[in-house]
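# Notes for the structure review
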Amino acid sequence: MAVSMAAAARRLRRAVRRSPLLRCLGRRPFSSEPPPASATAVRDAFLNFFRDRHGHRLVPSASVRPRGDPSLLFVNAGMNQFKPIFLGTVDPRSEMAGFRRVANSQKCVRAGGRHSDLEDVGRDLSHHTFFEMLGNWAFGGEYFKEEACSMAWELLTRVYGIPADRLWVSYFGGDAKAGLDPDLESRDIWLSLGEADGSLQPLPQRHVDTGMGLERLLAVLQGTRSTYDTDLFSPLLNAIHQGCGAPPYSGRVGAADEGRTDMAYRVVADHIRTLSVCIADGVCPGMSGAPLVLRQILRRAVRFSTEVLRAPPGFLGSLVPVVVETLGDAYPELQKHSAQIANLVSEDEAAFLASLQRGRHIIDRTLRRLGPSDLFPAEVAWSLSLSGSLGLPLDLVELMLEEKGVQLDSAGLARLAQEEAQHRSRQAKPAEEQGLQLSVHALGELQRRGVPPTNDSPKYSYSLRPSGGYEFGACEAQVLQLYTEDGTAVASVGKGQRCGLLLDKTNFYAEQGGQASDRGYLVRVGQEDVLFPVARAQVCGGFILHEAVAPESLKVGDQVQLHIDEAWRLGCMEKHTATHLLNWALRRALGPGTEQRGSHLNPERLRFDVAIQAPLTPEQLRAVEGTVQEAVGQDEAVYVEEVALARTTRVPGLRSLDEVYPDPVRVVSVGVPVADALDPASQAALQTSVELCCGTHLLRTGAVGDLVITGERQLSRGTTRLLAVTGEQAQQAREVGHALAQEVEAATERLSRGSQDALEAQRLSKDMGRLTDAVDTALMPQWQRRELQASLKVLQRRANTAIRKLETGQAAQKTQELLQRHSEGPLIVDTVSTESLSVLVKVVRQLCERAPRTSVLLLSPQPLGHVLCACQVAQGTTPAFTAEAWALAVCSHMGGKAWGSQVVAQGTGTTADLEGALSTARTYALNQL
């Protein structure tokens with residue numbers, strides 16, 4: 001619903017005519033050629049208006065990475081950072097608890113999850129993945145609707161000078177299904193401006209949240225029909241034109257945008273802003289969650305810049321300074337991290353360009369073989385998507401096909417996805433039940449032929465770039481043998497066949513020592529446009545068997561080049577180094593007799609089994625994490641060296657498992673060169689992590705980022721399994737724990753204030769239950785979980801005691817009122833006003849205690865026609881007269897249900913005819929009596 005405000009504007013101008021105006025923009029005519037108001041001036045005008053004119057506190061924008069809110073991938077609205085205030089869970093000791101009037105410009109990202117604008121960006125003139133939300137808030141009743149509307153009107157018409165007759169206002173029109181009436185209060189306020197209590201249910205606290213998007217406001221003030229024509233984007237669009245040599249941006253959309261050139265301009269300009277802001281806030285392209293979405297954004301930008309705009313390599317990174325120039329004053333973190341942002345964008349762009357080019361060749365080559373009406377083969381798209389961080393996401397493949405007017409075989413794709421899910425399910429079973437294993441006969445045949453064990457030393461060939469990223473080399477190898485899924489040796493495999501490959505050498509890490517296998521892809525030398533996705537590699541009697549899918553034929557003797565999924569490998573390296581640090585920290589906290597019983601890790605999580613006699617205390621868990629954090633914070637070097645096994649046998653403190661190690665054996669030492677660590681006189685192995693290990697590790701500990709133990713359980717007597725996360729996941733776990741701790745603290749404060757209202761006490765008890773569930777299931781530090789669980793158990797008992805006390809008192813009052821209305825007799829049937837079935841049952845019980853020869857049935861009407869029912873029959877009544885049957889008769893009349901025993905019962909129903917239900921209750925009871 002909307003009302004024009006032209007007439008209201010005249011009245012408002014007269015009312016504020018004597019008020020001093022903010023001079024940051026000043027009033028100006030809204031002509032076809034208005035003086036340009038820069039984005040900086042518009043943003044500053046908003047903040048200055050609320051600070052100087054209306055006493056608001058200016059707070060910095062929160063990070064676009066949500067703090068302690070796992071329900072969001074990114075901060076996607078201005079109110080996100082104030083959710084604790086809106087929910088009543090803010091820590092009373094925190095700075096936020098003192099907020100009353102607040103204003104800011106909040107960085108927001110809408111990409112991924114339920115609220116995603118990613119697919120719309122570039123197609124029109126207004127969608128963005130990153131945008132700025134100007135907002136002002138009033139908390140705790142500081143002001144409410146009338147003041148908020150007045151401020152907004154004054155800002156728009158007096159500061160920004162927007163003509164009142166061009167403004168329209170909407171208000172909530174009601175929702176009959178939800179039982180909500182129109183917000184006539186807001187309508188009347190707006191009418192009074194241009195133009196007492198509303199009928200909406202009142203909030204427990206009165207908060208106001210007002211906001212508007214800077215980009216769209218700027219389009220209005222600068223007289224454009226597109227946000228991309230404002231000075232937030234024009235420097236970027238100019239830089240894109242200069243750097244690519246594409247035709248100048250002309251703002252076309254749809255069919256008019258020939259070759260999607262203007263769409264590419266918009267995509268690149270939007271995406272580089274998002275990438276810069278997110279990286280500055282610590283969200284980097286990665287494998288899952290928000291980092292995965294950011295990776296998709298980067299790849300989308302790379303594709304449009306190279307394929308449509310014909311940008312040179314390294315182009316995206318060159319745009320970062322332009323973003324810093326336009327946004328850096330408002331968000332200083334961009335200036336601080338500008339070099340890091342540009343380097344990271346350039347590295348990821350370079351890594352993706354190679355696979356993009358390969359993917360383009362594969363698609364073009366496949367299209368040349370298709371007829372005009374053929375579907376694009378699902379197997380080819382599937383092979384492109386399965387090659388991990390170097391592959392092409394399916395949504396990108398589909399977009400590339402859409403641009404060529406070709407449809408993907410979606411049914412075939414669904415079939416392949418189902419087959420892959422079934423295959424992964426089989427992989428989760430014990431090793432002896434998995435397919436693609438080399439039998440003893442197959443191994444014997446290889447040995448008879450004199451085939452040497454696979455040379456997998458290239459898996460250790462990687463180095464640190466100057467920028468801090470890792471560089472992994474490819475590996476060329478020869479196919480020595482192929483196997484079908486049932487382990488049969490074959491000379492060749494065909495299109496779409498899942499197979500096992502035995503190569504003379506490999507850079508893939510085969511699953512062993514608790515570390516998950518590498519994944520990635522291989523290509524035939526000389527035919528790099530056909531990808532063979534490799535799902536895993538495993539050790540079989542000294543040979544490395546690669547599990548792959550063949551999009552085309554492959555035969556023994558073929559030369560291939562192997563590429564690992566670098567992001568997956570890096571995640572494993574991070575977790576493996578963290579596992580060693582965890583092992584050392586446990587020994588330091590619990591004593592040198594603490595022994596590892598096994599571990600398993602992949603990029604998502606690690607588990608560690610340790611022999612201890614009693615569960616770790618919260619203090620011990622916290623100490624273990626602190627020790628790991630210390631080593632990570634020092635960014636110590638990780639030394640690895642192969643040494644004779646005999647040199648390791650007498651080193652004090654050297655960690656090893658009860659298993660057979662090769663000779664020579666790899667020794668991994670944190671912070672101390674291996675030679676020093678193995679010197680018995682140095683005692684170094686007692687003071688840092690030194691282990692025998694065949695796994696792949698980081699070269700420095702800093703990349704672990706952080707480690708949080710998120711769970712523990714006893715596997716058997718004396719053995720405990722710990723679960724842990726690292727890096728970004730660990731940081732998020734700490735933030736979730738902090739947020740939940742604040743909620744528990746706020747609940748404690750509410751409980752300590754006490755309540756005279758049973759409904760409020762019940763609401764608090766429910767909040768305790770919700771908090772308990774959240775603490776039980778959240779990914780958070782285990783030490784903190786245990787502490788909060790103990791606190792919540794005490795709080796829940798206190799809340800339940802308070803509820804019982806309040807309900808008993810409330811029931812006593814209502815019991816007295818009913819006894820005064822009813823003379824002594826065999827039956828009391830009446831209505832009682834109460835919000836809970838618990839209170840109703842207590843009233844019935846107290847009535848029967850005060851009048852033992854009386855049978856009682858009470859109904860309590862609730863909102864939207866619902867009715868609560870409770871009853872009790874007096875002792876000594878006829879055997880046929882039971883409470884359960886009585887309640888059932890009444891609740892069935894109301895279309896509900898009942899439950900209970902012969903003596904007491906309760907139920908619910910829905911009716912608008914309470915008198916009819918009461919009459920049914922009386923009639924039934926009198927017939928039984």
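As a starting point, this report considers the structure included with it. (Residues numbered from 1 in each chain as written. Predicted model: local features only at pLDDT ≥ 70, side-chain atom pairs only at ≥ 80, totals over all residues. Heavy atoms only, no water.)

### Description of the sheet that holds strand S19 (residues 606–611)
The pairing of strands in a sheet comes from backbone hydrogen bonds and takes either a parallel or an antiparallel form. Inclusion rule: Between any two strands, at least two bridges found by DSSP are needed for them to pair. The helix and strand labels rest on DSSP assignments: H or I over at least four residues marks a helix, E over at least two residues marks a strand, and numbering proceeds from the N terminus. Axis lines are fitted to C-alpha atoms, over the contacting stretch for helices. Their N-to-C directions set the angle, which ranges from 0 to 180 degrees. When checking whether two residues touch, look at their non-hydrogen atoms; a contact exists if any pair is within 4.5 Å.
With antiparallel pairing, 4 strands are arranged side by side in an open sheet as S18-S19-S24-S23. Of all strands in the sheet, those with a lone pairing partner are strand S18 (595–601) and strand S23 (707–716), marking the two edges. Averaged over all adjacent pairs, the angle separating strand axes in this sheet is 20°, with direction ignored. Note: S19 against strand S24 (residues 719–726), 6 bridges, orientation antiparallel. Paired with phenylalanine 608 across the bridge in S24 is leucine 722. In the packing of helix H17 (residues 566–590) onto the sheet, contacts are made with S18, S19, S23 and S24, and the angle to S19 comes to roughly 25°. Contacts from helix H20 (residues 727–753) reach S23 and S24, with the element oriented near 100° to S24.

### Here we look at the environment of serine 116
The line we're drawing: Accessibility here uses a 1.4 Å probe with only protein chains present; expressed as a share of the type maximum, an area under 20% marks a residue as buried, one over 50% as exposed, and anything in between as partly exposed.
Among the structural elements, serine 116 can be located in the loop between strand S3 (101–109) and strand S4 (130–138). On the accessibility criterion, serine 116 (32% relative accessible area) is partly exposed. In this structure the C-alpha to C-alpha distance between serine 116 and histidine 128, which are 12 residues apart in sequence, comes to 9.6 Å. Apart from residues lying up to four places away in sequence, serine 116 is in contact with Arg110 and Ala111.

### Focus on the nonpolar core
Across soluble globular proteins, nonpolar side chains show a tendency to be buried alongside one another. Rules: Definition used in this section: a nonpolar core is a set of buried Ala, Val, Leu, Ile, Met, Phe, Trp, Tyr and Cys residues joined via side-chain atoms within 4.5 Å.
One finds Tyr160 and Ile240 to be the most contacted residues of the largest nonpolar core, which totals 108 residues. Among the elements that make up this core, the one with the highest residue count is helix H8 (residues 261–280) (12 residues). Ranked by size, the runner-up nonpolar core spans 53 residues in total, among them Tyr470, Val530, Phe532 and Met573.

### As for helix H12 (residues 338–369)
Rules: Expected span, for any helix, means 1.5 Å times one less than how many residues it has. Axes are fitted to the seven residues ending at a residue and to the seven starting at it; the angle between these axes is taken as the bend at that residue.
Spanning 32 residues, H12 covers 46 Å between terminal C-alpha atoms, matching the ideal 46 Å at 1.5 Å per step. A maximum bend of about 25° is found in H12 at leucine 353.

### With respect to the packing of helix H7 (residues 234–244) against helix H10 (residues 315–327)
The criterion, for reference: Note on terminology: angles under 35 degrees are roughly parallel, angles over 145 are roughly antiparallel, angles of 65 to 115 are roughly perpendicular, and the others are oblique. Helix crossings fall into two classes, left-handed where the near helix is turned counterclockwise from the far one by less than a right angle and right-handed where it is turned clockwise. Here the nonpolar group is Ala, Val, Leu, Ile, Met, Phe, Trp, Tyr, Cys and Pro; Asp, Glu, Lys and Arg are the charged ones; every other residue, Gly included, is treated as polar.
The contact between H7 and H10 brings their axes to 10 Å, and the two run at 155°. With respect to each other, H7 and H10 are oriented roughly antiparallel. As for the relative orientation of H7 and H10, their crossing is right-handed in sense. In this structure, H7 contributes Pro235, Leu236, Ala239, Ile240, Gly243 and Cys244 to the contact, and H10 contributes Phe315, Leu319, Val322, Val323 and Thr326. Of the residues belonging to the contact of H7 with H10, the class tally is 9 nonpolar, 2 polar and no charged.

### Side note on a negative patch on the surface
Put simply, the rule reads: Candidates for patches are residues over 30% relative accessible area with no salt bridge; among them, like charges are joined within 9 Å and nonpolar side chains (Val, Leu, Ile, Met, Phe, Trp, Tyr) within 5 Å. Calculation of accessible area relied on Shrake-Rupley with a 1.4 Å probe; when residues are assessed, cover is drawn exclusively from the protein chains displayed. The salt bridge definition used is simple: a Lys or Arg side-chain nitrogen within 4 Å of an Asp or Glu carboxyl oxygen. His residues and chain termini do not enter the charge count, which takes Lys and Arg as positive and Asp and Glu as negative. Lys charges are placed at NZ, Arg charges at CZ, Asp charges at CG and Glu charges at CD.
Together, Glu119, Asp120, Asp395 and Glu398 give the surface a local cluster of negative charge. The topology assignment puts glutamate 119 in the loop between S3 and S4.

### Let's talk about the environment of leucine 292
With respect to the helices and strands, leucine 292 occurs in helix H9 (residues 289–308). With a relative accessible area of 31%, leucine 292 lands in the partly exposed category.

### Here we look at the pairing of strand S14 (residues 527–540)
Two faces, one strand: in a regular strand the side chains alternate between the faces of the sheet. Burial of S14 is extensive: 10 of the 14 residues sit out of reach of the surface. Connecting strand S13 (residues 520–524) to the antiparallel partner S14 that follows it, the hairpin turn spans 2 residues, and glycine 526 within it adopts a positive phi of roughly 90°. Sheet analysis places S14 next to strand S15 (residues 543–550), joined by 6 bridges and oriented antiparallel. Its bridge partner lying in S15, arginine 536 is registered against glutamate 547. Once S14 ends, the chain turns through 2 residues before running back antiparallel as S15, passing glycine 541 with a positive phi of about 60°.

### Points about the sheet that holds strand S22 (residues 690–692)
Taking strand neighbours across the sheet as the criterion, the 3 strands line up as S20-S21-S22 in an open arrangement whose pairing is antiparallel. Looking at strand neighbours, the two that pair on one side only are strand S20 (638–643) and S22, the edges of this open sheet. When strand polarity is set aside, the average angle formed by the axes of neighbouring strands in this sheet is 20°. Taken together, the 6 bridges between S20 and strand S21 (residues 665–670) define a ladder with antiparallel strand orientation. Bridge pairing links valine 640 to valine 668 in S21.

### Notes on H7
So the rule is basically this: In this context, the arc is that of the directions from the helix axis out to the C-beta atoms.
Residues of H7 that are buried include every one of Leu236, Leu237, Ile240 and Cys244, and no others. Angularly, the buried residues of H7 cover 100° about the axis, an arc narrow enough to put them on a single face. At its buried positions, H7 is contacted by H8 and H10. Directly beyond the C-terminal end of H7, a positive phi value near 75° is found at glycine 245.

### As for the pairing of S18
Where S18 meets S19, 6 bridges bridge the pair, whose relative direction is antiparallel. From the neighbouring strand, leucine 601 faces S19, where its bridge partner is leucine 606. Two successive antiparallel strands, S18 and S19, enclose a turn made up of 4 residues.

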